[in-house]
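# Close look at the chain arrangement
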Amino acid sequence: MDPDVANFAVVAVIIVGLAGSLSSFVVWLVRGLNKKPAARELPNSPLIEQRFDQLQQSVDAIAVEVERIAEAQRFSARLLAERSDTPALPR
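Residues numbered from 1 in each chain as written. Predicted model: local features only at pLDDT ≥ 70, side-chain atom pairs only at ≥ 80, totals over all residues. Heavy atoms only, no water.

Below, the discussion takes up the pattern of salt bridges. Summed over the entire model, instances satisfying the criterion amount to three salt bridges. With its nearest N and O atoms 3.0 Å apart, the salt bridge here joins glutamate 65 to arginine 68. On the criterion of helical spacing, the pair formed by glutamate 65 and arginine 68 is a turn pair, its members being three residues apart in helix α2 (residues 46-85). On the basis of relative accessible area, glutamate 65 is assigned to the partly exposed category, the value being 38%. Its salt-bridge partner being glutamate 67, residue arginine 74 comes within 3.3 Å of it at the nearest N-O pair. For arginine 74, a relative accessible area of 42% translates into the label partly exposed. Overall, the relative accessible area of 47% leaves glutamate 67 in the partly exposed class. A single network of salt bridges, built from pairs that share partners, joins Glu67, Glu71 and Arg74. (Salt bridge = Lys/Arg side-chain N within 4 Å of Asp/Glu carboxyl O. Helix = DSSP H or I, 4+ residues; strand = E, 2+ residues; numbered from the N terminus. Buried < 20%, exposed > 50% of the residue type's maximum accessible area, 1.4 Å probe, protein only.)

In short, geometric facts, not functional conclusions.
Below you can see the structure in the form of structure tokens.
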């Protein structure tokens, strides 16, 4: 057998092996990225329920306070608008 043909055969086998390994690695990587993580369940304990209730009450209290502040701002803006509509008293 000619040495050039033998060298070509060795190189061809190496290239085919590398291509196969690379393609199997890419397939493994793509499948791993497409796999969805398992859904985690929260433990159903009274402590967690109590903390969620407390969090909900806190959010509700903040919402009430924000609405109160917004109403005060609207009231102030209306007073300033009414004040600017009336002419100033001459002195």
